[in-house]
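Structural overview
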Number of protein chains: 6
Amino acid sequence: MSELTHFDETGASRMVDVSAKAITARRALAEAVVEMQPATLELIRDRKHAKGDVFEVARLAGIQAAKMTSQLIPLCHVLPLDGAAVRFEVLDATRLRIETEVKVTAKTGVEMEALTAASVAALTVYDMCKAVDREMTIASVRLLEKEGGRSGHFIRPT
Amino acid sequence: MSELTHFDETGASRMVDVSAKAITARRALAEAVVEMQPATLELIRDRKHAKGDVFEVARLAGIQAAKMTSQLIPLCHVLPLDGAAVRFEVLDATRLRIETEVKVTAKTGVEMEALTAASVAALTVYDMCKAVDREMTIASVRLLEKEGGRSGHFIRPT
Amino acid sequence: MSELTHFDETGASRMVDVSAKAITARRALAEAVVEMQPATLELIRDRKHAKGDVFEVARLAGIQAAKMTSQLIPLCHVLPLDGAAVRFEVLDATRLRIETEVKVTAKTGVEMEALTAASVAALTVYDMCKAVDREMTIASVRLLEKEGGRSGHFIRPT
Amino acid sequence: MSELTHFDETGASRMVDVSAKAITARRALAEAVVEMQPATLELIRDRKHAKGDVFEVARLAGIQAAKMTSQLIPLCHVLPLDGAAVRFEVLDATRLRIETEVKVTAKTGVEMEALTAASVAALTVYDMCKAVDREMTIASVRLLEKEGGRSGHFIRPT
Amino acid sequence: MSELTHFDETGASRMVDVSAKAITARRALAEAVVEMQPATLELIRDRKHAKGDVFEVARLAGIQAAKMTSQLIPLCHVLPLDGAAVRFEVLDATRLRIETEVKVTAKTGVEMEALTAASVAALTVYDMCKAVDREMTIASVRLLEKEGGRSGHFIRPT
Amino acid sequence: MSELTHFDETGASRMVDVSAKAITARRALAEAVVEMQPATLELIRDRKHAKGDVFEVARLAGIQAAKMTSQLIPLCHVLPLDGAAVRFEVLDATRLRIETEVKVTAKTGVEMEALTAASVAALTVYDMCKAVDREMTIASVRLLEKEGGRSGHFIRPT
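As the structure is a prediction and not an experimental result, all values here were calculated from the model.

**Re the overall build of chain A**
For chain A, the helix and strand inventory stands at five helices and five strands. Secondary structure elements of chain A occur, N-terminal to C-terminal, as β-α-α-α-α-β-β-α-β-β. For chain A, the residues scored as buried account for 66% of the 158 residues in total. Taking the contacts inside chain A whose residues are at least 6 apart along the sequence as the reference set, 68% of them involve residues at least 24 apart. Counting every atom, chain A has about 5,400 Å² of accessible surface; 49% of that belongs to carbon and sulfur.

Written as C-alpha cells, this is what we have:
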C-alpha cells in the first residue's frame with residue numbers, strides 16, 4: 001500500500017510540496033446528512049414556522065468554513081476559492097441532506113474545503129436546534145465527486 | 001414545541017443573551033466515528049507502520065478547533081475553555097472512534113466545542129488518508145454527555 | 001485636555017492594563033445608517049422580492065464581527081461577550097438603519113464591539129447590493145448608549 | 001432591476017462562482033470621514049502633542065483589516081492582495097478623512113477590501129480617542145474609484 | 001524527572017484541564033534581543049531618520065500576537081488578557097532589546113503570551129528592515145519573570 | 001543607505017505594492033536554536049521516554065504559523081504557500097535546532113513565513129517543556145537561504 005503523503009520518510013508531518021504541480025480548474029462535491037426528530041425537521045423546513053431561517057445561518061457558516069479550511073486542517077494548503085455553495089434537501093421525515101460544492105483554480109484540490117463546509121453547516125444546524133433536540137446526529141459526511149488534477153474524475157460509487 | 005432560542009420573536013438570528021445566567025462548571029463529551037477500508041485503518045493504527053502519527057495530528061486539530069468554535073458556529077459564545085482532550089479507539093476492522101471531552105467554567109455549555117473538535121479531528125483523519133482511501137465516511141457525530149448548567153445532566157440513551 | 005489612554009507617557013501604544021478594575025455588567029448600543037437608491041432599498045426590504053435575505057446575512061456578519069473585534073482593533077481587549085444582537089429599520093425611502101446591542105460582564109466596555117458589529121453589518125449590506133448600486137454610502141456610525149463601568153451611563157444627546 | 005448576485009434563483013446565499021472570469025489587475029479607492037471635537041482632532045494631528053501616533057495605529061489596523069476582509073464579509077472571496085495603503089487628511093477643524101487604496105491581480109475586485117480598511121481605520125481612531133470624545137461619528141464610508149474587471153472604470157460622481 | 005504535563009499517560013497531547021485551579025492575578029515578563037548592523041539600528045532608532053516608526057509597528061504586532069497566542073501554540077488556553085505592553089531599548093550599537101509584559105486574571109499564566117509577543121515584535125523588526133539587512137538575528141527570546149499561580153514568583157537568574 | 005520599503009516618503013507604513021512584480025518560484029530556509037537543560041533535551045529527543053512527541057506538536061504549530069504569517073506580521077502579503085516543512089536536529093547535549101523550509105510561487109518571497117514557522121515551533125517546544133525547564137532560551141532565529149525573485153540567491157555566510 002502506498003504511504004501517506006502527509007508524512008515524509010521519517011514519519012514527520014509536512015504540508016506536501018506542490019510547487020511543481022500544474023494549476024488546473026478543480027471542483028469537489030460533498031455531503032452531510034443530519035438525523036433528527038420529525039418535529040425538529042418540521043420546525044426548520046419552513047422558515048416561517050420557526051420564525052427564523054436555520055438553513056441560511058447554516059449555509060453562511062458552511063461557506064465561511066470553506067474559506068477557513070487551511071486554519072482548521074493542519075496540513076491543508078491556503079486556497080483562494082473561486083466559489084462555494086451549500087444546498088439543503090429534506091430526504092424524509094427525519095433526515096436533512098446538506099450538499100456542498102467548492103471550486104478553485106489551483107495546484108491542489110478542494111475535497112477538504114467541501115467536506116469542511118458540509119461538516120460546519122451540519123454542526124450549525126445542530127447548534128440552532130439543540131435546545132429542542134439534543135440527540136440529533138450528523139449521520140454521514142463524505143466526498144461525492146472530485147474533478148480536476150492528476151488523479152482524474154472521481155465519482156463516489158452508490 | 002418550544003421555539004428555537006437562536007431567533008428572536010421576529011425570526012432574526014441572535015447570540016442569546018446569557019448575562020443573567022450563573023457561571024458554573026460545565027463539561028461535554030462527544031464522538032465521531034470514521035469508517036474506512038481495513039487496510040487504511042491498519043495503516044494508521046500503528047504509527048510505526050505508517051511512519052507518521054495520524055492520531056496525533058488529528059488530536060491537535062481537534063483541540064485547536066475546540067478553541068475556534070465561536071469563529072465557526074455563528075451564534076456560539078466565545079468561551080475560555082478549561083481543558084480539551086481528544087481520544088481515539090479502534091472499534092473494529094473498519095471503524096475508528098474519536099471521543100472528545102471539553103470543560104469550561106462559564107455561563108453556557110460546551111456541546112458545540114466538543115462536537116466541533118470531534119468533527120475536525122475526523123476531517124483531519126480523512127485528509128491524512130485521502131490519498132489511499134477516498135471513500136472514507138464520517139459516519140456519526142453526536143453528543144454523548146453534557147453536565148453543568150440549568151438543563152441538568154444529559155446522557156445520551158444507548 | 002486629558003491624554004489618550006492607549007499611549008504611555010513616552011507615546012508608545014499599549015493595551016491598557018485593566019487588572020485592577022472591577023468586573024461589572026456592561027452594555028453598549030451603536031448604530032450605522034446606510035444610504036442607497038430607493039430601488040435598492042425596495043429590493044432588500046422584502047426578502048421575497050430579492051429572493052434572498054440581505055438582512056440575515058448582514059446580521060450574522062455583524063454578530064461574528066463583534067466576536068472578532070479584538071483581532072481588528074489593535075488595542076482592544078479580548079472579551080467573552082454575553083450576547084450580541086443586530087436589528088434593521090427602514091428609516092425612509094433611501095435610508096436603512098442598523099442598530100447593534102452588545103453585552104458583557106467584564107472589566108472593560110463593549111463600545112468597540114457594538115460599533116464594529118454595526119460597521120461590518122453595513123459593509124455586508126454594501127457587498128450584497130454593490131452589483132446594483134455602487135454608490136451606497138455608510139452615512140453614520142456612532143455610539144448611542146453605554147452602560148456599566150466607572151464612567152457611568154452615557155446616552156448620546158440627540 | 002437586476003437580481004442580487006449573492007443569491008441563487010431560490011434565494012440562497014452563495015459565494016459567486018468566478019472560475020470562468022479572467023485574472024486582471026484591479027484597484028479600488030475608498031474613504032471614511034470621521035467627525036470629532038476640534039480639541040480631539042488637534043490632539044491627534046500632531047503625534048508629539050498626543051505623545052503617540054493615532055494615525056499609525058489606525059493605518060496598521062486598516063491594512064490588517066484589508067487582509068481579513070474575507071473573514072468579515074461572508075460572501076467575499078479570499079484574495080492575495082498586491083498592496084494596501086491607508087492615508088490621512090485633516091479636512092477642517094472637525095473632520096478627518098481616511099483614504100484607502102487596495103490592489104490585486106485576481107478574478108474579482110477589491111472594493112470590499114478598500115471599504116473594510118477604511119471602516120476599521122476609522123473605528124481604530126474612535127477607539128484611540130473615545131476616552132476624550134465619545135460622540136465622534138464615522139460620518140461617511142464610500143467607494144471612490146474602482147478599476148479593472150469587466151464592469152470597467154468607475155469613478156464616483158462628486 | 002517529572003513528566004511533561006501536555007501529554008497524558010499514553011503520550012497523547014492535551015490541553016491541560018485547569019478547571020480545578022484558582023483564578024489569580026498573573027503577570028509575565030519576557031524579552032527578545034535582535035542583532036543587526038550598526039547602520040540598521042541607527043536607521044530605526046530615530047523614527048525621523050527612517051521616515052517611519054519601526055518600533056510602533058513592531059509594538060502593535062507584538063500586542064496583537066499576545067492576543068492570538070492560543071491560536072499559535074496548540075495546547076495554550078484562550079485567555080482574556082488584562083493588558084499587554086511592549087518596550088524597546090537600544091543596548092549598544094548592534095543590539096535592540098524588546099521587553100514584553102502581559103497580565104491576566106485567570107487559572108493559568110501568561111508566559112507564552114509574553115514570549116509570543118516578544119518573538120512576533122522581533123520578527124516584525126526583521127520584516128521592516130530585511131531589505132537593508134538580511135542577516136539580522138533574533139538572538140535570544142526568554143522568560144524573565146513570572147508571578148501569580150501555584151508555582152510562585154520566578155525571576156530568571158542573571 | 002536605502003530607505004525602509006515598508007514606509008512611504010512621509011513615513012507612513014504600507015503593504016508594499018507588488019502588482020508589477022513577476023510571479024516566480026521562491027523558497028526560503030530559516031532556523032531557530034533552542035537551548036535547554038540536558039535532562040530536558042533527553043526527555044524530548046526520544047518520544048517514548050517522554051510518552052509524547054514534542055517534535056510533532058511543534059512541527060504542526062510551525063506549519064500552521066507559516067500559513068498565518070500575514071495575520072501576525074502587519075505588512076506581510078497573504079501568500080498561498082506551495083509547501084512547508086519543519087525539521088528537528090539535536091546539535092549537542094543542550095541545543096535543539098529547528099530548520100524550516102517554505103515554498104511559494106508568487107510575487108514576493110517567504111522569508112517571513114520560514115522565520116515565523118521557526119519561531120512558533122521553538123515557542124511550542126518551550127510551552128511543552130516549561131513545566132520542567134523554565135529557563136529554556138530561543139537562542140537564535142535567522143534566515144539561512146532565500147531563492148527566487150529579483151534579489152537573487154542569498155545564502156547566509158557561515
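Next comes the rest of the write-up.
**Comments concerning empty space enclosed by the protein**
Applying the stated rule across the entire model yields eight cavities of 30 Å³ or more. As a volume, the largest cavity reaches approximately 670 Å³. Looking at the lining of the largest cavity, the elements with two or more residues in it are helix H3 (54-67) and helix H4 (69-72) of chain B, helix H3 (54-72) of chain C, helix H3 (54-72) of chain D, helix H3 (54-72) of chain E together with helix H3 (54-72) of chain F. It is H3(E) that contributes the most residues to the lining of the largest cavity, nine residues altogether. Broken down by class, the residue content of the lining of the largest cavity amounts to 22 nonpolar, 16 polar and five charged.

**Digging into the side chain of Asp133(D)**
With respect to the helices and strands, the residue Asp133(D) is situated in the loop between helix H4 (111-129) and strand S4 (137-147). Buried and unpaired, Asp133(D) has no salt bridge, with Arg156(C) as the nearest side chain of opposite charge at 7.4 Å. A distance of 2.8 Å separates a polar atom in the side chain of Asp133(D) from the backbone nitrogen of Gln37(D). Contacts of Asp133(D), omitting those with residues within four sequence positions, involve Met36(D), Gln37(D) and Thr40(D).

**Points about the arrangement of the chains**
In this assembly chain B lies apart from chain D, the nearest approach of their C-alpha atoms being 9 Å. What separates chain C from chain F at the closest point of their C-alpha atoms is a distance of 9 Å, and the two make no contact.

**A few points about the relation of the copies chain F and chain A**
Superposing chain F onto chain A takes a rotation of 120 degrees combined with a translation of 0.0 Å along the rotation axis, leaving an RMSD of 0.0 Å. Taken together, the turn and the small shift mark the pair as related by a three-fold rotation axis. Within chain F, the C-alpha atom positioned nearest to the axis of rotation is that of Pro80(F), 4.4 Å from it. The fraction of interface residues of chain F whose copies in chain A are also interface residues is only 14%, indicating that the copies meet through different surfaces.

**What to know about the pairing of strand S1 (residues 24-35) of chain E**
Every regular strand shows the same layout, with side chains that alternate between the two sheet faces. Residues and elements named next belong to chain E. Of all 12 residues in S1, nine are buried, a share of seventy percent or more. Direction of pairing for S1 relative to strand S3 (residues 95-106): antiparallel, over a ladder of 12 bridges. Of the residues in S3, the one forming a bridge with Arg27 is Lys103. Strand direction decides the pairing type here: S1 and strand S4 (residues 137-147), joined by nine bridges, are antiparallel.

**Some thoughts on the packing of H3(C) against helix H4 (residues 111-129) of chain C**
All names here are of chain C. Two elements in contact, H3 and H4, have axes separated by 7 Å at closest approach and are oriented at 140 degrees. Relative to H4, the element H3 is oriented oblique. Our pair here, H3 against H4, has a crossing hand that is right-handed. Listed contacts from H4 to Val54, Val57, Ala58, Ala61, Gly62, Ala65, Ala66, Thr69 and Leu72 of H3 are Met112, Glu113, Thr116, Ala117, Val120, Ala121, Thr124, Val125 and Met128. Residue classes in the contact of H3 with H4 are distributed as 13 nonpolar, four polar and one charged.

**Let's talk about the interface of chain F and chain E**
Taken together, the contacts link 62 residues of chain F with 62 residues of chain E. Around 5,000 Å² of area is buried between chain F and chain E when both sides are counted, 68% of it from carbon and sulfur atoms. At the boundary of chain F with chain E, the tally comes to eight residue pairs in polar contact (both at pLDDT 80 or more). For the side of chain F that touches chain E, the secondary-structure elements that each account for two or more residues are helix H1 (38-45), H3, helix H4 (111-129) and strand S4 (137-147) of chain F.

**Section: the pattern of salt bridges**
Applying the stated criterion across every chain, the model contains 90 salt bridges over all chains. Its salt-bridge partner being Glu145(B), residue Arg27(B) comes within 2.7 Å of it at the nearest N-O pair. Of this pair, Arg27(B) sits in strand S1 (residues 24-35) while Glu145(B) is found in strand S4 (residues 137-147), placing the two residues 118 residues apart along the sequence. Here the two residues Arg27(B) and Glu145(B) agree in accessibility, since each one is buried. For Glu56(C), the salt bridge identified is with Arg59(C), shortest N-O distance 2.3 Å. Remark: Arg59(C) and Glu56(C) occur in helix H3; sequence separation between them is three residues, near one turn of the helix. By the burial criterion, Glu56(C) is buried, and Arg59(C) matches it. Taken together, the shared-partner salt bridges in this structure form one network comprising Arg27(A), Glu31(A), Arg87(A), Glu89(A), Arg97(A), Glu99(A), Glu101(A), Arg142(A), Glu145(A) and Glu147(A).

**Focus: the confidence of the model for chain A**
This prediction gives chain A a mean pLDDT of 93; 96% of its residues lie at or above 70. Across the whole predicted complex the pTM is 0.96, and at the interface the ipTM reaches 0.96.

**As for helix H1 (residues 38-45) of chain B**
Taken together, the buried positions of H1(B) are occupied by Thr40(B), Leu41(B), Leu43(B) and Ile44(B). Seen end-on, H1(B) carries its buried residues on one side only, within an arc spanning 155 degrees.

**Looking at the packing of aromatic side chains**
For the structure shown, the criterion picks out six aromatic pairs over all chains. Note on Phe55(C) and Phe88(C): the rings are 4.7 Å apart at their centroids and 5 degrees apart in plane angle, and the pair reads as stacked. Separated by 33 residues along the polypeptide, Phe55(C) in helix H3 and Phe88(C) in strand S2 (residues 83-90) bring together distant segments of the chain. Both residues of the pair, Phe55(C) and Phe88(C), belong to the buried class. When the ring centre of Phe154(C) is taken as origin, the NZ or CZ atom of Arg134(D), which lies over that ring, is 5.5 Å away.

**Some remarks on the relation of the copies chain F and chain E**
After a rotation of 180 degrees and a shift along the axis of 0.0 Å, chain F superposes on chain E with an RMSD of 0.0 Å. Seen this way, the second copy is the image of the first under a two-fold rotation axis.

**With respect to the UniProt feature "active site" (unreviewed entry) in chain A**
Annotation from UniProt places "active site" (unreviewed entry) at Asp127(A). By secondary structure assignment, the location of Asp127(A) is in helix H5 (residues 111-129). Judged by its relative accessible area of 2%, Asp127(A) is buried. If near-sequence neighbours (up to four positions away) are discounted, Asp127(A) is found in contact with His6(B), Ile73(B), Leu75(B), Cys76(B) and Met112(B).

**Comments concerning the interface of chain F and chain A**
Contact residues are listed per partner, giving 14 residues for chain F and 21 residues for chain A. Interface of chain F and chain A: buried area, both sides summed, is about 1,400 Å²; carbon and sulfur atoms make up 53% of it. On the chain F side of the contact with chain A, Gln64(F), Lys67(F) and Asp82(F) bury the most area, a combined 36% of that side's loss. Applying the counting rule to chain F against chain A returns two salt bridges. Residue Lys107(A) pairs with Asp82(F) through a salt bridge whose shortest N-O separation is 3.2 Å.

**What to know about the state of the cysteines**
Scanning the model with the defined rule gives zero disulfides over all chains in all. In this structure Cys76(C) is not part of a disulfide, and its nearest cysteine sulfur, from Cys129(D), lies 13 Å away.

**Looking at the environment of Glu101(F)**
Residue and element names in this part refer to chain F. Tracing the sequence through the fold places Glu101 in strand S3 (residues 95-106). Overall, the relative accessible area of 18% leaves Glu101 in the buried class. When neighbours within four sequence positions are excluded, Glu101 is seen to be in contact with Arg27, Ala28, Leu29, Gly83, Ala84, Ala85 and Arg87. Of note is the side chain of Glu101, whose polar atom sits 2.9 Å from the side chain of Arg27.

Reading the values: the criteria
Sequence order sets the numbering: in each chain, residues are counted from 1 along the sequence as written. To label them, take the chains in the order written and letter them from A, then take the ligands in the order written and number them from 1. Thresholds applied to this predicted model are a pLDDT of at least 70 for local features of residues and 80 or more for the giving and counting of side-chain atom pairs; totals over whole chains, interfaces and linings are not thresholded and use all residues. In computing side-chain values, all of the structure's heavy atoms are included and hydrogens and water are not. A run of DSSP states H or I qualifies as a helix once it reaches four residues; a run of E qualifies as a strand once it reaches two. Both are numbered from the N-terminal end. Buried means the residue's accessible area, taken with a 1.4 Å probe over protein chains only, is under 20% of the maximum for its type, while exposed means over 50%, and partly exposed covers the values in between. Contact between two residues is taken to exist if any of their heavy atoms lie within 4.5 Å; hydrogens are not considered. Residue exposure ignores everything except the shown protein chains as possible cover, and the areas themselves are Shrake-Rupley values with a 1.4 Å probe. The definitions used throughout rest on a 1 Å grid laid over the protein atoms alone, on which a cavity is an enclosed set of points accommodating a 1.4 Å probe that cannot get out and a pocket is an open set flanked by protein within 12 Å on both sides along at least five of seven lines; lining residues are those having an atom within 4 Å of a point. Grid points are joined across faces, edges and corners, and a volume is the space filled by probe spheres set on the points. All residues other than Ala, Val, Leu, Ile, Met, Phe, Trp, Tyr, Cys, Pro, Asp, Glu, Lys and Arg, Gly among them, are scored as polar; the first ten of these are nonpolar and the last four charged. The charge count includes Lys and Arg as positive and Asp and Glu as negative, but it does not include His or the ends of the chains. A carboxyl oxygen of Asp or Glu within 4 Å of a side-chain nitrogen of Lys or Arg is what we treat as a salt bridge. Side-chain atoms alone can form a polar contact between residues adjacent in sequence; in general such a contact is a pair of N or O atoms within 3.5 Å, and within protein one must be able to donate a hydrogen while the other accepts it. Least squares is the method for superposing the copies, and the C-alpha atoms it fits come from residues with pLDDT of at least 70 in both. Two strands pair if DSSP finds at least two bridges between them. Every angle, taken between N-to-C directions, lies between 0 and 180 degrees, and every axis is a line fitted to C-alpha atoms, over only the stretch in contact when it is a helix. If an angle is under 35 degrees, it is roughly parallel; if it is over 145, roughly antiparallel; if it lies from 65 to 115, roughly perpendicular; otherwise it is oblique. For any pair of crossing helices, the crossing counts as left-handed if the nearer helix is rotated counterclockwise from the farther one by less than a right angle, and right-handed if it is rotated clockwise. What counts as buried area is the accessible surface, traced by a 1.4 Å probe, that two parts surrender upon association, with contributions from both included. Scored between 0 and 100, pLDDT is the confidence that the predictor attaches to each residue. Working definition: the arc comes from the directions between the helix axis and the C-beta atoms, pointing outward to the latter. Whether two aromatic rings pair depends on their centres lying within 6.5 Å, for rings of Phe, Tyr and Trp, where Trp uses its six-membered ring; planes under 30 degrees apart make the pair stacked, over 60 edge-to-face, and the rest tilted. The rule for a charge over a ring is simple: NZ of Lys or CZ of Arg within 6 Å of the ring centre, and within 35 degrees of the ring normal. UniProt positions are given in the numbering used here, feature names are shortened, and annotations may be inferred rather than shown by experiment. Sulfur atoms of two cysteines make up a disulfide when they are within 2.5 Å.

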